[in-house]
Amino acid sequence: MIDATEQINAVQRTVGSRTLEAGDARVSTVSQTYHATLEDLWDACTNAERIPRWFLPISGDLRLHGRYQLEGNAGGAIETCDPPHRFTATWEYGNEVSWIEVRLTPVDAERTRFELDHIAHVDQDRWAQFGPGAVGVGWDLGLLGLASYLAGDGSGVSPEQSVEWSASDEGRRFMELSSQLWGEASTAAGTDADEAKAAAERTTAFYTGAPTA
């Protein structure tokens, strides 16, 4: 089984901002280098037959200007596509719209770096309550799924195992560590350390059901 701590430490997390036409937005960035060629990683991230093997069932038209829908989660429109290096899409969940930008960069002939920006207008009250971990923990789980799938040896967490695994001690520890590190990334971006820690604890409680202090 993929070690939760090892996977957490394989991921880089940063928090920043970006100015859009509608105003300032928060940017949560997650990245990891995988043992996969650029072409194979691109296909794993864009092929409707492969995406459910590590993420969620998906339907729609997965091409430029097409729309997609992840089962039980977000949907949206593919806004730009530059295969096999980059695509951007809207991320529409409920009545809210944010954006994702995925970039793939070859490290060498056998390894490729995956990087994802989640760009969202977040009101100050919600940011103070949960910080970047509100979306960041979910993306950490997504990268875990991708790492598990690319390992190809059954050592990871498959989508079919994800619900049971998330309720296990290891799964809860994974989400706790993810939330903690997103709090540290928030602090590094300028958030008061005590405020970032409190937001991370609330995020941990949201994902794991653990009581807050």
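Criteria and thresholds
- Residues numbered from 1 in each chain as written.
- Predicted model: local features only at pLDDT ≥ 70, side-chain atom pairs only at ≥ 80, totals over all residues.
- Heavy atoms only, no water.
- Helix = DSSP H or I, 4+ residues; strand = E, 2+ residues; numbered from the N terminus.
- Rg over C-alpha atoms; globule rule 2.2 N^0.38 Å.
- Buried < 20%, exposed > 50% of the residue type's maximum accessible area, 1.4 Å probe, protein only.
- Contact = heavy atoms within 4.5 Å.
- Areas by Shrake-Rupley, 256 points an atom, 1.4 Å probe, with all protein chains shown as cover.
- Lys, Arg positive; Asp, Glu negative; His and termini not counted.
- Charge placed at Lys NZ, Arg CZ, Asp CG, Glu CD.
- Salt bridge = Lys/Arg side-chain N within 4 Å of Asp/Glu carboxyl O.

**Student:** Kindly report on the overall build of the protein chain, identifying the contributing residues and their values.
**Tutor:** Counting secondary structure elements, the protein chain contains seven helices and eight strands. At 17 Å, the protein chain has a C-alpha radius of gyration in line with the 17 Å of a compact globule built from 213 residues. Projected onto the principal axes, the alpha-carbon positions of the protein chain cover approximately 45 × 45 × 35 Å. Taken over 213 residues, the protein chain has a buried fraction of 41%. Within the protein chain, counting contacts between residues at least 6 apart in sequence, those at least 24 apart form 53% of the total. When the accessible area of the protein chain is evaluated, it comes to approximately 11100 Å², of which 50% is carbon and sulfur surface. If you average the places of the 16 positive and of the 33 negative side-chain charges in the protein chain, the two averages end up 2 Å apart.

**Student:** Outline the pattern of salt bridges, listing residues and values.
**Tutor:** Going through the model one piece at a time under the given rule, you end up with 15 salt bridges. Note that R13 and D140 form a salt bridge whose closest N and O atoms lie 2.9 Å from each other. You can see R13 sitting in strand β1 (residues 12–20) and its partner D140 sitting in helix α4 (residues 133–151), a full 127 residues away along the chain. Across this residue pair, the class does not change: R13 and D140 are buried. Ionic pairing is found between R103 and E115, a salt bridge with its closest N-O pair at 3.3 Å. With R103 in strand β7 (residues 96–106) and E115 in strand β8 (residues 112–120), the pair connects residues that are twelve residues apart, well separated along the chain. Under the relative-accessibility criterion, E115 is labelled partly exposed at 25%. Several salt bridges converge on common partners, so that one network encompasses R18, R86, E101, R103, E115 and D117.

**Student:** Explain unusual backbone geometry to me, using residue names and the numbers behind them.
**Tutor:** In this chain, P83 is followed by P84 through a cis amide linkage whose omega measures 0 degrees. In this structure, P84 sits in the loop between β5 (75–82) and β6 (86–93). Positive phi outside glycine occurs at H65, with the angle close to 70 degrees.

Just geometry here; none of it tells us what the structure is for.
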